[in-house]
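Working through the structure, step by step
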Amino acid sequence: MAAPTTFTLHPVDIAEAGTFARLRMAVADGMVIARRNLTHVRHVPEKLLDVTFQPFIFVLLFAYVFGSAIDVPGTGYREYLIAGIFVQTMAFASMGTAISMADDMSKGVIDRFRSLPMARSAVLVGRTTADLAANIVGLTVLAGTGLVVGWRIHSSFWEALAGLALLLLFGYAMTWVGTLVGLLVRAPDAAQSFGFMVVFPLTFVANTFVPTEEMPRWLWTFADWNPISAMTAACRHLFGNQPPGVAHHVWPLEHAVPVAFAWCLGLVAVCLLLAVRRYRTATSR
């Protein structure tokens, strides 16, 4: 009987590799971790409920329950609503990322990854990439639901494409926010509490579902400067769903599109750096 064949792995010394080689290895390792996370979704499809079924229910509730009581001249409430649901769904994506990251940290999964010859950044890149793929699925389902209830795009093809790109960029930025939160908290329950205490109020105290002019003056001011409002106003502008005759008197809403893109890029840059620093601290113990 022939002896079993054995393989000896000789991992590349990343420190001695060139910059391009290190980047290529880090990306490849990140894709492996992303595939691992997506495999979990395939086996437990309930993980996609927060970006598929939940926004579907929000669309139906707001469109048919509250829509009859809220009048938005020009576009109608349903077309006004969908951009807000889009932004809220991408914002809520941070909660799933935070819970998953905190769960991996608490169960020792990260410690097992440390024993493998892989780039340290792979865990973070893989997590955010997998969640970006989930956001694409959720956005597709949500757009289809919006079309069913009467939402339409009235802008050009390129403006609509820019609107979808902005939403995915915002969703990606929020996954980095969730990654940072998941690294800071000690348990998945704490990560979920962050979402309900911070993300949930921010998405409602904005122009996502109702015009801010209907709010009390002090709340109106906060809502106008809320980055969620700039994101929503930018999406309405790019999709052609902005009610006619609306004059914004606050700088972020007057320049909603560039402000929204700037917020997304700023969130990615800041949260990525802080998450990497926190991950190095947590895995060096």
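Each value, and the rule that gives it
Residues numbered from 1 in each chain as written. Predicted model: local features only at pLDDT ≥ 70, side-chain atom pairs only at ≥ 80, totals over all residues. Heavy atoms only, no water. Core = buried A, V, L, I, M, F, W, Y, C linked by side-chain atoms within 4.5 Å. Buried < 20%, exposed > 50% of the residue type's maximum accessible area, 1.4 Å probe, protein only. Helix = DSSP H or I, 4+ residues; strand = E, 2+ residues; numbered from the N terminus. Contact = heavy atoms within 4.5 Å. Phe/Tyr/Trp six-rings, centres within 6.5 Å; stacked < 30°, edge-to-face > 60°. Lys NZ or Arg CZ within 6 Å of the ring centre and 35° of its normal. Polar contact = N/O pair within 3.5 Å; in protein donor to acceptor, adjacent residues only side chain to side chain. Salt bridge = Lys/Arg side-chain N within 4 Å of Asp/Glu carboxyl O.

1. A closer look at the nonpolar core
Of all hydrophobic cores here, the largest spans 63 residues; its most connected members are F86, L166, L167 and F170. No other element matches helix α3 (residues 77–106), which puts 15 residues into this core. Apart from the residues lying within four places of it in its own chain, the contact partners of F86 are L139, L142, A143, W151, L167 and F239.

2. A word on the packing of aromatic side chains
In this structure the tally under the stated criterion is twelve aromatic pairs. For the pair F196 and F200, a centre-to-centre distance of 6.1 Å together with 45 degrees between the ring planes defines the contact as tilted. Of this pair, F196 and F200 are both found in helix α7 (residues 188–204), four residues apart, which corresponds to roughly one turn of the helix. Judged by its relative accessible area of 46%, F196 is partly exposed. A relative accessible area of 30% means that F200 is categorised as partly exposed. Chaining the aromatic ring pairs together yields one cluster made of F58, F62, F92, F196, F200, F204 and F209. The ring centre of W220 lies 4.4 Å from the NZ or CZ of R217, which sits over that ring.

3. Observations regarding the side chain of R236
Among the structural elements, R236 can be located in helix α9 (residues 227–239). Residue classification places R236 among the buried positions, given a relative accessible area of 2%. Polar contacts involving the side chain of R236 include one to the main-chain carbonyl oxygen of Y80, which spans 2.9 Å. Not counting chain neighbours up to four residues away, the residues in contact with R236 comprise Y80, A83, G84, N207, T208, N241 and Q242.

4. Details of the environment of L164
Within the secondary structure, L164 sits in helix α6 (residues 157–184). Sequence separation between L164 and I136 is 28 residues, and the spatial gap between their C-alpha atoms is 9.7 Å. Setting aside anything within four residues of it in sequence, one finds L164 in contact with L139 and F239.

5. A closer look at the pattern of salt bridges
The final tally for this structure, using the stated rule, is two salt bridges. Two residues, R127 and D104, come together in a salt bridge whose shortest N-O distance is 3.6 Å. Of this pair, R127 sits in helix α5 (residues 121–149) while D104 sits in helix α3, and the two are 23 residues apart along the sequence. A single burial state applies to R127 and to D104, both of which are buried. When the shortest N-O distance is used, the salt bridge between R127 and D131 registers 3.6 Å. Placement of the pair is R127 and D131 together in helix α5, with a separation of four residues, close to one helical turn. D131 matches R127 in its accessibility class, with the two residues each being buried. Overlapping salt bridges, with partners in common, bring together D104, R127 and D131 in one network.

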